[in-house]
Amino acid sequence: MGFLYFALVISVLGLFMTWILARVVGRQAAASAAMEKVAAAIRSGAAAFLKRQYTTISWIALAVAAVILLAYLANGKPLVAWQTSISFLIGAAASGLAGYMGMFVSVRANAKVAAAADRRDLNKALTIALRGGAVEGMLVSSLTLLGLAALFLVYSQWLHFDPRAIPSAIIGFGFGASLVALFAQLGGGIYTKAADVGADLVGKVEAGIPEDDPRNPAVIADLVGDNVGDCAGRGADLFESTAAENLGAMILGVALFPAFGLPGILFPLVAQAIGMIASGTAVLTVRVKNNEDPMKALNRGFYLAALLGAVGLYVVTQLMLGDQALWFFAAGLVGIAMSIVFLFLTQYYTDHAYRPVKDIARASETGPATTIISGLSVGFENVAPAVLAIGGALWGAFSLGEASGLEHGGLYGTAVATIGMLMTAMYVLAMDTFGPITDNAGGIVEMANASEETRKITDRLDAVGNTTKALTKGYAVGSAALAAFLLFTAYLEQVHITVVDLANIKVFIGAFVGAMLVFLFSSSAMRAVGRTAGYIIEEVRRQFRDQPGIMAGTEQPDYGRAVDITTRGALRNMVLPGTMAVVVPILVGLILRAEAAAGMLMVGTITGVIMALVMNNAGGAWDNAKKFIESGEFKDSHGVVQGKKTPVHAAAVVGDTVGDPFKDTAGPSLHVLIKLLATLTLVLAPLFT
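Here goes a summary of the coordinates provided.

The rules we used
- Residues numbered from 1 in each chain as written.
- Predicted model: local features only at pLDDT ≥ 70, side-chain atom pairs only at ≥ 80, totals over all residues.
- Heavy atoms only, no water.
- Helix = DSSP H or I, 4+ residues; strand = E, 2+ residues; numbered from the N terminus.
- Rg over C-alpha atoms; globule rule 2.2 N^0.38 Å.
- Buried < 20%, exposed > 50% of the residue type's maximum accessible area, 1.4 Å probe, protein only.
- Contact = heavy atoms within 4.5 Å.
- Areas by Shrake-Rupley, 256 points an atom, 1.4 Å probe, with all protein chains shown as cover.
- Lys, Arg positive; Asp, Glu negative; His and termini not counted.
- Charge placed at Lys NZ, Arg CZ, Asp CG, Glu CD.
- Axes fitted to C-alpha atoms, helices over the stretch in contact; angles between N-to-C directions.
- Left-handed = near helix turned anticlockwise from the far one by under 90°.
- Nonpolar A, V, L, I, M, F, W, Y, C, P; charged D, E, K, R; others polar.
- Salt bridge = Lys/Arg side-chain N within 4 Å of Asp/Glu carboxyl O.
- Patch = residues over 30% accessible without salt bridge, like charges linked within 9 Å, V, L, I, M, F, W, Y side chains within 5 Å.
- Expected span 1.5 Å × (residues − 1).
- Bend = angle between axes of the 7 residues up to and from the residue.
- Phe/Tyr/Trp six-rings, centres within 6.5 Å; stacked < 30°, edge-to-face > 60°.
- Lys NZ or Arg CZ within 6 Å of the ring centre and 35° of its normal.
- Parallel < 35°, antiparallel > 145°, perpendicular 65-115°, else oblique.
- Polar contact = N/O pair within 3.5 Å; in protein donor to acceptor, adjacent residues only side chain to side chain.

### Some thoughts on the overall build of the protein
Line of reasoning, step 1. What the protein contains, in helices and strands, is 22 helices and zero strands.
Line of reasoning, step 2. Over its C-alpha trace the protein gives a radius of gyration of 24 Å, about what one expects of a compact globule, namely 26 Å for 689 residues.
Line of reasoning, step 3. When burial is assessed residue by residue, the protein has 64% of its 689 residues classed as buried.
Line of reasoning, step 4. Within the protein, residue pairs in contact and separated by at least 24 positions form 85% of the contacts whose partners lie at least 6 positions apart.
Line of reasoning, step 5. Entry remark: accessible area of the protein is about 22,700 Å², with carbon and sulfur atoms responsible for 66%.
Line of reasoning, step 6. Charged side chains in the protein number 47 positive and 49 negative. The centres of these two groups are separated by 5 Å.

In structure tokens:
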């Protein structure tokens, strides 16, 4: 049990490190009174939204826990009923706490970054933003590890369960995390993109005022959205990713119990603990040199996290996996390499330094229609190299596992590859939260009428933050793709199925329903953004129309009303897509039974990964094409610079508006849907047989 205690100790130390980082960020020099006023409005709006959102989610979680409890009691399985529903609630609570606390720090770090930029200190602004992001990264990793390790300890030492039965007994933890993540990502994504669309279309396009202009009534709602979507939502997303993938690997570890014993089950938890140490070390080393691109500094930190993670993985495999350690270490390296490949692919398709974004900017010369066509083509194209990378990684990891000569070694190889990819999860989440922190800092600086020099620093960091957010989405969908095979195999283990026959009519129908669910869910999420954006667009137009002094600068916009309208719209419209994501898989399993649910899980996962790739990177490319034009670096086919307030820029803004719900609502929510399908079917597997 020494390995389990090691994981528990590291999780507690991680929570302590989270507290230290939060205090370090909080003690940085305060912003000016004007900046602090804007930051306070953002904090107030974000807190109000999350309070209402998590109240709604809590009632939904309690209802689902009751359904799980009653379903198993009705099937004569009282022990399973209680252990599954309780672990479900623990996972749900931990997921919600991770998202909420991460956002709590990010809405305080934004003003500190603005203050550092106001002092012309690029390095200080970057390190504050990254360490503010690391609070959420470390908290998510620590709470996941603590929850799983503590549950394992309770079941093994207090309840005296056979260790081989524990992963299946605590699978509810992963389902609880997935359910909360789905609604957190949906609600936050709908809010942030509705506010963004409203602010951009009425402010930039119709009124012709700059982004984050204090005259725009939707600007505070937009800045709040960065936090509730990209901080709280993404934190819950990666929490459930880590929980689900660790549980899937632990279930496969049970199959290799004759070879590895208990260490084979606990391996994912110990590897995650090592990954936390590697990522935490990397965060503390990041510095930007003079006037270099801040992205280079962040990349150095990622490579250091990956290198330290690889060294730690070697040690852990040697200690825990015996004579076959080298084969599984190599499989873990495949996962680490996969994370690097996906970051490169995402950067290529979403960074303005490369061909795809330049093509979209060039297409903007001929209007919004060609901008949208070009962006969609980029989204469809990026699927090909990503799928080749996923296929190569799965094949390589499976082959290395098989080479160990162990029964089920190939499956365990894919599990170790997935764990290898998660070794850098804490650092990647820190980079993701870096994005909304720097975006907020830019908004605070502009609304406080800070100097042009200050704005240049926050613009540089905001541009990098936009890239890091795209990279995190790429990383999340890559890990989801690797985990898909892992979780699908874990489900087959649970229901004792070795072959899924697509020629079976029920399985074929289940597979069709799985693919359909991805499209219907995406449609519902996109429509929710459109409806909520409509509310905020009408409100901004009304304020401009009824209060002409706003544009003249003699009247203050009603920011609070815009925040409240967006909040109510987002929470109301998140219920339908979230509910269908839960209800449809249950109906398939209960009506068509276990093998049909396997077909739904397999095809739905594949479809979901591909759709997420399209949406994430098409949206990111549209966004960065707009920013490329705004930077003043883009020249049209005649060599003329095309910047803000030009027809080319207006076309790019329309493309970005279409891409916003792609990359920040439907796309990220699909990451969660993929894992929700797996954890839900794992939890309810006994009812489907």
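### Let's talk about the packing of helix α16 (residues 425-447) against helix α17 (residues 452-495)
Line of reasoning, step 1. Axis separation between α16 and α17 bottoms out at 7 Å; the angle between their running directions is 145 degrees. Crossing hand, α16 versus α17: left-handed.
Line of reasoning, step 2. Here the residues of the contact of α16 with α17 sort into 10 nonpolar, nine polar and six charged.

### Things to note about unusual backbone geometry
Line of reasoning, step 1. For Arg-120, which is not glycine, the phi torsion reads 65 degrees and is therefore positive.
Line of reasoning, step 2. Looking at Arg-120, the relative accessible area reads 44%, which means it is partly exposed.
Line of reasoning, step 3. Unusually for a residue other than glycine, His-160 sits at a positive phi of about 60 degrees.
Line of reasoning, step 4. Turning to its location among the elements, His-160 is positioned in the loop between α4 (122-158) and α5 (166-169).

### Quick notes on the pattern of salt bridges
Line of reasoning, step 1. The full count for this structure, using the stated rule, is 24 salt bridges.
Line of reasoning, step 2. The salt bridge involving Arg-164 is made with Asp-162; its shortest N-O contact spans 3.0 Å.
Line of reasoning, step 3. Note on Arg-164: relative accessible area 41%, which makes it partly exposed.
Line of reasoning, step 4. The class for Asp-162 is partly exposed, based on a relative accessible area of 34%.
Line of reasoning, step 5. In this structure, the salt-bridge partner of Arg-300 is Glu-292, at a minimum N-O distance of 2.8 Å.
Line of reasoning, step 6. On the accessibility criterion, Arg-300 (34% relative accessible area) is partly exposed.
Line of reasoning, step 7. Among the residues examined, Glu-292 registers a relative accessible area of 17% and is labelled buried.
Line of reasoning, step 8. Taken together, the salt bridges that share partners define one network made up of Lys-193, Asp-623, Lys-626, Lys-627, Asp-656, Asp-660, Lys-663 and Asp-664.

### What about a nonpolar patch on the surface?
Line of reasoning, step 1. A cluster of nonpolar side chains, Leu-307, Val-311, Tyr-314, Val-315, Leu-319 and Leu-326, forms an exposed patch at the surface whose accessible area comes to about 590 Å².
Line of reasoning, step 2. When residues in the nonpolar patch are grouped by element, the largest group, five residues, is from helix α10 (residues 294-320).
Line of reasoning, step 3. With respect to the secondary-structure elements, Leu-319 resides in helix α10.
Line of reasoning, step 4. On the basis of relative accessibility, which here comes to 59%, the residue Leu-319 falls in the exposed class.

### Examining the side chain of Thr-489
Line of reasoning, step 1. Mapping Thr-489 onto the fold places it in helix α17.
Line of reasoning, step 2. When its relative accessible area of 8% is taken as the criterion, Thr-489 is described as buried.
Line of reasoning, step 3. Apart from residues lying up to four places away in sequence, Thr-489 is in contact with Leu-252 and Leu-411.

### Side note on helix α20 (residues 559-592)
Line of reasoning, step 1. With 34 residues, α20 ought to run about 50 Å at 1.5 Å a step, and its terminal C-alpha atoms sit 50 Å apart, in line with that.
Line of reasoning, step 2. A bend of about 25 degrees at Val-575 is the largest found in α20, and the proline Pro-577 appears one to four places after it.
Line of reasoning, step 3. Among the residues trailing α20, Arg-593 stands out with phi positive, at a value near 80 degrees.

### A short note on the packing of aromatic side chains
Line of reasoning, step 1. Taken as a whole and assessed by the stated rule, the structure comprises 15 aromatic pairs.
Line of reasoning, step 2. On the numbers, 4.9 Å between centres and 85 degrees between planes, the contact of Tyr-155 with Phe-161 is edge-to-face.
Line of reasoning, step 3. We classify Tyr-155 as buried; its relative accessible area is 7%.
Line of reasoning, step 4. Relative to Tyr-349, the ring of Tyr-348 lies with its centre 4.9 Å away and its plane at 85 degrees, an arrangement referred to as edge-to-face.
Line of reasoning, step 5. Through a chain of ring-to-ring contacts, the aromatic side chains of Phe-260, Phe-328 and Tyr-412 assemble into a single cluster.
Line of reasoning, step 6. Sitting above the plane of the Phe-104 ring, Arg-108 keeps its charged end 3.7 Å from the centroid.
Line of reasoning, step 7. Between Arg-164 and the ring centre of Phe-257, over which it is positioned, the NZ or CZ distance is 4.9 Å.

### Things to note about the packing of helix α21 (residues 594-630) against helix α22 (residues 647-688)
Line of reasoning, step 1. For the pair α21 and α22, interaxial distance at closest approach is 6 Å and the crossing angle is 160 degrees. The angle between α21 and α22 places the two elements in the roughly antiparallel class. The two elements α21 and α22 cross, and the hand of that crossing is left-handed.
Line of reasoning, step 2. The residue makeup of the contact of α21 with α22, split by class, is 23 nonpolar, 12 polar and five charged.

### Observations regarding helix α1 (residues 2-26)
Side chains three or four residues apart in an α-helix point the same way, a direct result of the helix having 3.6 residues per turn.
Line of reasoning, step 1. Compared with the 36 Å implied by 1.5 Å per residue over 25 residues, the 36 Å span of α1 between its first and last C-alpha is a close match.
Line of reasoning, step 2. When we look at burial in α1, the residues that qualify are Leu-4, Ala-7, Leu-8, Ile-10, Ser-11, Gly-14, Thr-18, Leu-21 and Val-25.
Line of reasoning, step 3. On its buried face, α1 is in contact with α3 (78-118), α4 and α9 (262-285).

### Focus on the environment of Arg-355
Line of reasoning, step 1. Counting through the fold element by element, Arg-355 comes out in helix α12 (residues 355-363).
Line of reasoning, step 2. Sequence separation between Arg-355 and Leu-326 is 29 residues; the distance between their C-alpha atoms is 40 Å.
Line of reasoning, step 3. The contacts of Arg-355, once residues within four sequence positions are left out, are Tyr-348 and Glu-381.
Line of reasoning, step 4. In this structure the side chain of Arg-355 is engaged in a polar contact, spanning 2.8 Å, whose partner is the side chain of Glu-381.

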